[in-house]
Number of protein chains: 4
Amino acid sequence: MAKEETSAKKPGRPRDPAVEAAVFAAARSLLGEVGYDAVSMEAVAAAAGVGKQTLYRRWPNKAALLVGACLVDATERVADPATGNLEGDIEQFLGGTFAALETTGPGLRFLMSQAGLDPSFRERFDADFASRRRDALREIICRHVKARRQVGPVIDMLYGAMWYRLLLGHGPLDARFARDLAAAAARALAA
Amino acid sequence: MAKEETSAKKPGRPRDPAVEAAVFAAARSLLGEVGYDAVSMEAVAAAAGVGKQTLYRRWPNKAALLVGACLVDATERVADPATGNLEGDIEQFLGGTFAALETTGPGLRFLMSQAGLDPSFRERFDADFASRRRDALREIICRHVKARRQVGPVIDMLYGAMWYRLLLGHGPLDARFARDLAAAAARALAA
Amino acid sequence: MAKEETSAKKPGRPRDPAVEAAVFAAARSLLGEVGYDAVSMEAVAAAAGVGKQTLYRRWPNKAALLVGACLVDATERVADPATGNLEGDIEQFLGGTFAALETTGPGLRFLMSQAGLDPSFRERFDADFASRRRDALREIICRHVKARRQVGPVIDMLYGAMWYRLLLGHGPLDARFARDLAAAAARALAA
Amino acid sequence: MAKEETSAKKPGRPRDPAVEAAVFAAARSLLGEVGYDAVSMEAVAAAAGVGKQTLYRRWPNKAALLVGACLVDATERVADPATGNLEGDIEQFLGGTFAALETTGPGLRFLMSQAGLDPSFRERFDADFASRRRDALREIICRHVKARRQVGPVIDMLYGAMWYRLLLGHGPLDARFARDLAAAAARALAA
DNA sequence: GTATAAGCGAGACGGTACGTCATGTCTTGAG
DNA sequence: CTCAAGACATGACGTACCGTCTCGCTTATAC
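Residues numbered from 1 in each chain as written. Chains lettered and ligands numbered in written order. Predicted model: local features only at pLDDT ≥ 70, side-chain atom pairs only at ≥ 80, totals over all residues. Heavy atoms only, no water.

### Quick look at the protein's contact with DNA strand F
Thinking step 1. Around DNA strand F, the surrounding shell holds 47 residues, and the nearest of these are Tyr56 of chain A, Arg13 of chain B, Arg58 of chain C together with Gln53 and Tyr56 of chain D.
Thinking step 2. The sugar-phosphate share of atoms of DNA strand F within 4 Å of the protein amounts to 63%.
Thinking step 3. Here a base oxygen of DNA strand F and a side-chain polar atom of lysine 52 of chain A are 2.7 Å apart.
Thinking step 4. Between DNA strand F and arginine 58 of chain B, the relevant distance is 2.7 Å, taken from a phosphate oxygen to a side-chain nitrogen or oxygen of the residue.
Thinking step 5. Looking at which element gives the most residues to the surface near DNA strand F, the answer is helix H3 (residues 52-58) of chain C, with 5 residues.
Thinking step 6. Taken together, the residues of the surface near DNA strand F break down into 14 nonpolar, 14 polar and 19 charged. (Near = heavy atom within 4 Å. Polar contact = N/O pair within 3.5 Å; in protein donor to acceptor, adjacent residues only side chain to side chain. Helix = DSSP H or I, 4+ residues; strand = E, 2+ residues; numbered from the N terminus. Nonpolar A, V, L, I, M, F, W, Y, C, P; charged D, E, K, R; others polar.)

Right, dumping it as structure tokens:
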């Protein structure tokens, strides 16, 4: 097939793979500490022990860098649930997602806030992060549900509830909330 | 003591009342056109024909100014529905809410983003606006549902879905979405 | 007429006159210490306790700033010689000129370099400074010499020798050099 | 002695002799077009179709490279004069030198200006270029003159006059100027 | 042959400075 | 005391080069 000619040997020194890890770690740490606005490319570069040009070589702007930094742990933290039934799978998925928010919550809240403020970041954040999370949840739900039409709104309700509480803080994102949401979703999706 | 002669004749030139209106108009217009980040105090001052010092005399920073400019959006505007059944009432309430977003959407989106960024504003915004909207929806739902325990999460799901789409823009906030959400909620709340 | 009300009261805060003095002092000091290339606008700003923007508001670039800072060096300071004979007058004139270079040398060297790099400054520097010095020397020489045709090249030789050593530093600009040049010039101009 | 084991067969691939020519051509061309400051090693490398490392392997810095590039044509362009008398030889030497400036003048002007700005470049430029030209002229003069003591200042006067006009542009560097300088120098050196 | 060693084009790397922009403060003169 | 104007110190922006460091390749001598 030779489809993957992408990895043809390029000339010049190859990119140092350690850079990405160092940058993402620095970026996540700063994001959690001081918030999106106060994260500067200079600070990320300094914290990661990296030149500014190296950041701009790999990410076009701060938004892309931070989304990349958060994307990694969100996708790798939530295990695929397998309880066998719809409600249980949803509960487990949401429970895992909420648990991850213990550490990633502040950073993600900043990113979603930024999405509300900046249209171009909005697109990138949805395409690279939020829509992927919706797809992951959709896949789980669709294992048990045939009526596809109802699934979309229910996914928006589930993730919506999560973000709503994450942004406003008027209620906890705990195991009980996961259970309540899962129960409501399961009933909503029942034939 | 009557020390608080607030309206006592203060020395010096009085504040020009036209300034606030001009500034708010300029600010909302810029916010709609270019987005929060690209709004600068300098641009607001120039657009309003006002000196920068005048802005800083009245608002401590850009966020506060824009919050002031947008707070008028966070006002009740949805008529009380009366279709007689749960699903119909929810659909009508959400439909009205979504319709109002046509004009108030950008302002509210900015306010919710600001709530995500600023904890003190978060509290104020939830207490003065968001929780009141939840209460209004709760009252409507509770006309038809006795099982109170399930209501809270469903309200978060409904408003959550709305905000989720408002912030990310990945799907429309239209009559059909109101209908789908109402149907799902009604099933979730059914005994 | 009064058209030239250049100094008409302009609105806004007036420029702080202390800035120019502080900047020039910092610039000349840095120029003397580290040389033109190593002088950075950032260092000048820091040393003068001034913001970078303030520098760029007043001077378009580093060269212009330093030219301003050094132009004070380009001022007449040599007393008119009166030894009665050609060789003595030349020697005394050059000796005085060389002595002044003790302090003004670095600044003048920079200015001449700048003249070599920037054609428009070249014209200005020649008209306002270098040609006047040549005229001064010419007047002294012409007191003793009638053959005008030979004078021009000799003046270029004398000032040329000075600048050549000032720029390259391959030989001293001292009393002995003044004497040697005067002797050579006197012979060259002899009938 | 075999001290000069320079040409000992060294292991590894030998240096490509075409590189130096390509680099010098590119460097001279850039120097003439945009001036010393605006010449960057990256641009030279790109223009010569050469890697940056190749430049740094052969020249320690930009200054050395550009001096090298200009040295070549200055030394090879001026033929050894042989008119038989002092004044004629000087005139012919200067005439040839001035003629070469038609093409090399702008580049050399940049280099001399840079020498005035940068002490470390100053040394290199004098050692590798200017002092060699003075030596060439000294040799010619010393064929006819025994009184060595007067020669040094006269050489500074001759080359000084040339650079003075090259930098300030207040007079032409033509055959007549060469003749006038030669005549003055010959008289100055006469017993 | 087959190491070994250096040169080569390319380009990523940690840095420094650039010149621009916006922040929030300050200082004018006018009202 | 407010207002419009604009200078001020500060600090991040994104770019351009610096001089160094890998890469994979080429081109020599040495074993």
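### With respect to the interface of chain C and chain D
Thinking step 1. Contacts between the two partners involve 41 residues from chain C, matched on the other side by 41 residues from chain D.
Thinking step 2. In this assembly, chain C packs against chain D so that about 3600 Å² is buried in total across both faces, 62% of it on carbon and sulfur atoms.
Thinking step 3. When the area that chain C buries against chain D is broken down by residue, the three leading residues are Met157, Tyr164 and Leu168 of chain C, summing to 20%.
Thinking step 4. Taken together, chain C and chain D are joined by 14 residue pairs in polar contact (both at pLDDT 80 or more).
Thinking step 5. Of all elements in the fold, only helix H5 (86-117), helix H6 (119-142), helix H7 (151-168) and helix H8 (175-189) of chain C reach the threshold of two or more residues within the side of chain C that touches chain D.
Thinking step 6. The element contributing the most residues to the side of chain C that touches chain D is H7 of chain C, with 13 residues. (Contact = heavy atoms within 4.5 Å. Buried area = accessible area lost by both parts, 1.4 Å probe.)

### Looking at the side chain of glutamine 114 of chain D
Thinking step 1. Structurally, glutamine 114 of chain D is set in helix H5 (residues 86-117).
Thinking step 2. Excluding anything up to four places from it in sequence, glutamine 114 of chain D contacts Asp37 of chain C together with Tyr36, Asp37 and Phe121 of chain D.

### Notes on the interface of chain B and chain A
Thinking step 1. Between chain B and chain A, the residue contacts involve 41 residues of the former and 39 residues of the latter.
Thinking step 2. Together, the buried faces of chain B and chain A total about 3600 Å²; carbon and sulfur atoms form 62% of this surface.
Thinking step 3. Together, Met157, Tyr164 and Leu168 of chain B form the three largest contributors to the area buried by chain B at its contact with chain A, with a combined 20%.
Thinking step 4. Run the count over chain B and chain A and you get 4 salt bridges.
Thinking step 5. Close ionic contact of arginine 149 of chain B with aspartate 180 of chain A constitutes a salt bridge, the shortest N to O distance being 3.5 Å.
Thinking step 6. For the interface between chain B and chain A, the tally reads 14 residue pairs in polar contact (both at pLDDT 80 or more).
Thinking step 7. Sorting the residues of the side of chain B that touches chain A by element identifies helix H5 (86-117), helix H6 (119-142), helix H7 (151-168) and helix H8 (175-189) of chain B as the ones contributing at least two each. (Salt bridge = Lys/Arg side-chain N within 4 Å of Asp/Glu carboxyl O.)

### What about the packing of aromatic side chains?
Thinking step 1. A complete count under the given rule lists 28 aromatic pairs over all chains for this structure.
Thinking step 2. Relative to phenylalanine 129 of chain B, the ring of phenylalanine 125 of chain B lies with its centre 5.4 Å away and its plane at 35°, an arrangement referred to as tilted. Here phenylalanine 129 of chain B and phenylalanine 125 of chain B lie together in helix H6, a separation of 4 residues that amounts to about one turn. For the pair formed by phenylalanine 125 of chain B and phenylalanine 129 of chain B, the shared burial category is buried.
Thinking step 3. Residue placement shows lysine 62 of chain B over the ring face of tyrosine 36 of chain B; its charged tip is 4.5 Å from the ring centre.
Thinking step 4. Stacked on the ring of phenylalanine 177 of chain C, the Lys or Arg arginine 165 of chain C has its end atom at 3.6 Å from the ring centre. (Phe/Tyr/Trp six-rings, centres within 6.5 Å; stacked < 30°, edge-to-face > 60°. Buried < 20%, exposed > 50% of the residue type's maximum accessible area, 1.4 Å probe, protein only. Lys NZ or Arg CZ within 6 Å of the ring centre and 35° of its normal.)

### Here we look at the protein's contact with DNA strand E
Thinking step 1. In the vicinity of DNA strand E, 45 residues are found, and the nearest of them are Arg58 of chain A, Arg13 and Gln53 of chain B, Tyr56 of chain C together with Arg58 of chain D.
Thinking step 2. Here a base oxygen of DNA strand E sits 2.8 Å away from a polar atom, N or O, in the side chain of lysine 52 of chain B.
Thinking step 3. Of all the secondary-structure elements, those providing two or more residues to the surface near DNA strand E are helix H3 (52-58) of chain A, helix H2 (41-48) and helix H3 (52-58) of chain B, helix H2 (41-48) and H3 of chain C together with helix H3 (52-58) of chain D.
Thinking step 4. Across the surface near DNA strand E, the residue classes break down as 12 nonpolar, 16 polar and 17 charged.

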